[in-house]
Amino acid sequence: MTAPVVVLVGPPGSGKSTVGRALAERLGVGFRDTDADIEEGAGKPIPEIFIDEGEPHFRALEVAAVRAAAETHGGVLALGGGAVMADATRELLRGLPVVFLEVPLADAVKRVGLDAPRPLLAVNPRARWRELMDARRPLYLEVATAVVDTADRTPEQVADAVLEALELKNPS
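Residues numbered from 1 in each chain as written. Predicted model: local features only at pLDDT ≥ 70, side-chain atom pairs only at ≥ 80, totals over all residues. Heavy atoms only, no water.

An account of the packing of helix H3 (residues 46–53) against helix H4 (residues 55–72) is needed here, citing residue identities and associated values.
Two elements in contact, H3 and H4, have axes separated by 7 Å at closest approach and are oriented at 130°. The angle between H3 and H4 falls in the class oblique. Contacts from Ile 46, Ile 49, Phe 50 and Glu 53 of H3 reach H4 at Glu 55, His 57, Phe 58, Arg 59 and Leu 61. Residues belonging to the contact of H3 with H4 are distributed by class as follows: 5 nonpolar, 1 polar and 3 charged. (Axes fitted to C-alpha atoms, helices over the stretch in contact; angles between N-to-C directions. Helix = DSSP H or I, 4+ residues; strand = E, 2+ residues; numbered from the N terminus. Parallel < 35°, antiparallel > 145°, perpendicular 65-115°, else oblique. Contact = heavy atoms within 4.5 Å. Nonpolar A, V, L, I, M, F, W, Y, C, P; charged D, E, K, R; others polar.)

What follows is the structure, given as structure tokens:
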């Protein structure tokens, strides 16, 4: 069993994928995104999974994707924004180096526009984002080994902060 070097959690727009790729490159390891794993396995984008099979089905796929990645991927792992909602996922993350990438709403809007195809943000995206954060923030904090604020930082600066927070060697 191989465990990830870093697991990134956070809401949409926090930079999990972008920062994750930068971290993986710096650490000389692979990058994996559980949302991409789910889409590949299902053969369709996440919004279509929500529409065709519903959120409970998607969440079951998400727990399975996190389990597979947490047990086999020795690099940087980015989880979907809602993955921490599942008790099973939070249990899988115990003992792993998890970083919560915290982002203010204004920055999230700039980064993803909140008009992107995100099923849980389809109606009144700003209000819905706040509601999601109210529910998810305590869970992000529960699983986090470290919290990194991404406000007004470039992905490279966030990657530096993650490396520092986890006391990982930055080869560059």
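Go over the packing of aromatic side chains, please, and point to the residues and values.
In total, this model carries 2 aromatic pairs according to the counting rule given. Ring centres of Phe 50 and Phe 58 lie 5.0 Å apart, and the angle between their planes is 40°; on these two criteria the pair is classed as tilted. With respect to burial, Phe 50 and Phe 58 carry one shared label: buried. (Phe/Tyr/Trp six-rings, centres within 6.5 Å; stacked < 30°, edge-to-face > 60°. Buried < 20%, exposed > 50% of the residue type's maximum accessible area, 1.4 Å probe, protein only.)

So what's going on with the sheet that holds strand S3 (residues 76–78)? Which residues, and what values?
Pairing in this open sheet of 5 strands is parallel, and the strands run S2-S3-S1-S4-S5 from one edge to the other. With one partner strand each, in any of the chains shown, strand S2 (31–33) and strand S5 (146–149) form the two edges of the open sheet. Strand-to-strand, the axes of this sheet are offset by a mean angle of 25°, without reference to chain direction. Where strand S1 (residues 6–9) lies against S3, 3 bridges are found, and the strand directions are parallel. For Val 6, the partnering residue across the bridge sits in S3 and is Val 76. (Pairing = 2+ DSSP bridges.)

Can you lay out the pattern of salt bridges for me, pointing to particular residues and giving the numbers?
Here the structure, examined in full by the defined rule, presents 11 salt bridges. Taking the shortest distance from any N to any O, the salt bridge between Arg 90 and Glu 142 comes out at 3.3 Å. Within this pair, whereas Arg 90 is found in helix H5 (residues 87–93), its partner Glu 142 is found in helix H7 (residues 125–143), the two being separated by 52 residues in sequence. On the accessibility criterion, Arg 90 (10% relative accessible area) is buried. (Salt bridge = Lys/Arg side-chain N within 4 Å of Asp/Glu carboxyl O.)

Any details on the side chain of Lys 16? Residues and values, ideally.
Mapped onto the elements, Lys 16 comes out in helix H1 (residues 16–27). The charged side chain of Lys 16 is buried without a salt bridge, its nearest counter-charge being Asp 35 at 6.6 Å. Polar side-chain contacts of Lys 16 include one of 3.1 Å to the backbone oxygen of Pro 11. In this structure Lys 16 touches Leu 8, Val 9, Gly 10, Pro 11, Phe 31, Ala 78, Leu 79, Gly 80, Gly 81 and Leu 101, once residues within four positions along its chain are discounted. (Lys, Arg positive; Asp, Glu negative; His and termini not counted. Polar contact = N/O pair within 3.5 Å; in protein donor to acceptor, adjacent residues only side chain to side chain.)

Account for the pairing of S1, with residues named and values stated.
Here S1 shows a buried face lined by Val 6 and Leu 8 and a second buried face lined by Val 7 and Val 9. For S1 and strand S4 (residues 98–102), the ladder comprises 3 bridges, and the chain directions are parallel. By the bridge assignment for S4, Leu 8 is matched with Val 99.

I'd like to hear about unusual backbone geometry, residue by residue, with values.
With a phi close to 55°, Asp 152 is a non-glycine residue in the positive phi region. The topology assignment puts Asp 152 in the loop between S5 and helix H8 (155–165). Owing to a relative accessible area of 68%, Asp 152 belongs among the exposed residues under this scheme. Positive phi is not limited to glycine here, since Glu 167 has a value of about 55°. Tracing the backbone shows Glu 167 in the segment after H8.

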